[in-house]
Every structure is written in C-alpha cells, then in structure tokens.
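# Structural overview
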Amino acid sequence: ILNVEQSPQSLHVQEGDSTNFTCSFPSSNFYALHWYRWETAKSPEALFVMTLNGDEKKKGRISATLNTKEGYSYLYIKGSQPEDSATYLCAFRMDSSYKLIFGSGTRLLVRP
Amino acid sequence: EAQVTQNPRYLITVTGKKLTVTCSQNMNHEYMSWYRQDPGLGLRQIYYSMNVEVTDKGDVPEGYKVSRKEKRNFPLILESPSPNQTSLYFCASSFGANYGYTFGSGTRLTVV
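A few points on the structure. Each residue is numbered by its place in its chain's sequence as written, counting from 1. For this description, chains carry letters from A and ligands carry numbers from 1, given in the order in which they are written. With the structure being a predicted model, the display of local features is reserved for residues of pLDDT at least 70 and the display and counting of side-chain atom pairs for 80 or more, all residues being used for whole-chain, interface and lining totals. Side-chain calculation: all heavy atoms of the structure are included, whereas hydrogens and water are not.

Helix numbering and strand numbering both begin at the N terminus, where a helix is a DSSP run of H or I of at least 4 residues and a strand a DSSP run of E of at least 2. Counting secondary structure elements, chain B contains zero helices and 11 strands. When the elements of chain B are put in sequence order from the N terminus, they spell out β-β-β-β-β-β-β-β-β-β-β. Compactness check: chain B gives a C-alpha radius of gyration of 13 Å against a globular reference of 13 Å for 112 residues, within 12% of the reference. Restricting the contact set of chain B to residue pairs at least 6 apart, pairs at least 24 apart contribute 53%. Accessible surface, chain B: about 5300 Å² in total, of which carbon and sulfur atoms supply 50%. Averaged over its 12 positive side-chain charges, chain B has a centre that lies 6 Å from the centre of its 9 negative ones. Two things to know: the radius of gyration comes from C-alpha atoms, and the globule rule equals 2.2 Å times the number of residues to the power 0.38. Contacts were defined at the residue level, with two residues in contact if any of their heavy atoms lie within 4.5 Å. Using a 1.4 Å probe, accessible areas were evaluated by the Shrake-Rupley method; residue-level cover was limited to the displayed protein chains. Under the convention used here, Asp and Glu are negative, Lys and Arg are positive, and both His and the chain ends fall outside the count. The atoms used to mark charge sites are NZ of Lys, CZ of Arg, CG of Asp and CD of Glu.

A few words now on the sheet that holds strand E8 (residues 72–77) of chain A. Residue and element names in this part refer to chain A. The strand order E1-E3-E8-E7-E6 describes an open sheet built from five strands, whose pairing is antiparallel. Whereas interior strands pair on both sides, the edge strands pair on one side only; in this sheet they are strand E1 (5–7) and strand E6 (56–59). In this sheet, neighbouring strand axes are inclined to one another by 15° on average, regardless of whether the strands run parallel or antiparallel. A pair of strands is considered paired only if DSSP assigns at least 2 bridges between the two. All axes are obtained by fitting lines to C-alpha atoms, using only the stretch in contact for helices, and the reported angles, taken between N-to-C directions, cover 0 to 180 degrees.

Once that is clear, we can look at the state of the cysteines. Residues and elements named next belong to chain B. Cysteine sulfur atoms that come within 2.5 Å of each other are treated as a disulfide pair. Summed over all chains, the structure comprises two disulfides over all chains. Covalent S-S linkage joins Cys 23 and Cys 91, the inter-sulfur distance amounting to 1.9 Å. In this structure the cystine formed by Cys 23 and Cys 91 twists about its S-S bond by roughly -70°; its chirality is therefore left-handed. Of this pair, Cys 23 sits in strand E3 (residues 19–25) while Cys 91 sits in strand E9 (residues 87–94), and the two are 68 residues apart along the sequence.

Here it is in structure tokens:
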C-alpha cells in the first residue's frame, strides 16, 4: 500500500506568522501531486495540482513547491490569517493508476 | 453553479437495510470517485470511475457497489450496511488526473 505522509499533524501559529508543512510521497512512478484546503464543516477545495519536478505554484499568500526526485512537496502560507485555519491535505497519483491517495492532513490553527 | 451534489447529507440506518447515496455533477467531468473519512485516517478511496460504464475498486471497496450509467451520476450502494461503514462519505469529480477534484458536501452515515 502506498503511503503519503504529512507533517506536522497539527500546527498553532499567531496571526501574521508565516508557516509551512510537508507532504512526503513515493518518489517512483510519480504522476501528480494535489493540495487541498478543508475547512471545518465544509468540503475539501483544490488549491494546486503539480506535475513537474521543480514546479512552484502560488495563490495569494499560499504557495507550494514540488520535488519528485526525493518525494516531497512543501506548502507555504505567508502572513497567516485566522481565515487560513483549516486542514491542508495533499494527495498523490501514480502514473499507472487512476487512484488518488490522500495524506491524513495538517491541521492549522491561526490565533488572532 | 458548478457543483457536485450528494444526497442525503445525513442518514441513520439499521444494519442490513440497503441504501443508496446519490452523487451528481453538472460540470461534464469524466472522472468521479467516492471516498470515506474516518477519524485519524486520511480520505480513503472506495471506488472510482474513469467514464460511463468504466469503474474500478479503490483501497476500501468491500461492502460497497457503484454504477456509472450516465456521465453525471455516480451512486454509492450499500447492499447490507454494517456498523463499520459508519463514516463521512464524499463524492468528487474532475476533468482528469491533472485537474483538482470538486467535492460534494458530504454524507454522514450512521449504521446502528
């Protein structure tokens, strides 16, 4: 069974802090890496889909990088705001499969 | 509005009583998938469909059935529900592997 690991499991920061978390995935047969934002009582929403080694994506204060050779992706949030509080999920797809395998998420709480 | 619609949102049922959770998308997406979310675990894939009449098992298919007779609909069927199928279920769809998923609102199922 393929494993997608996210760290840390949870993170508490102050408003204005910048933060980052990690997603680790198998480095062989890579096809795509997804990031999602999941607020409490809502559904996950897609942030980024990355497919190439060295990819960097940005949406407002949130950005992500991808290293497929070593099997990791970082998600960065610059100047965290309370509305950034959510669980951030990454998901990995292998080239031989249509399956999308999710990590357990990093739960971020931003204190005002 | 582009969306994935799941019904019902909440369901309490008894062991052994067949039920269907419906999922419909209005975005002409080819790819649809069902996931379950349990405490401490990531989203785990139950079944997925690459197109009409094409379905395949995910990581936890036991006790579930699906069908894809039309592009927009992908119902999840529990022929004989058991308490270990108590969970939060999400339907999701996308244009393909390089696109983010759009998730439904979720169905919270309790089997007693």
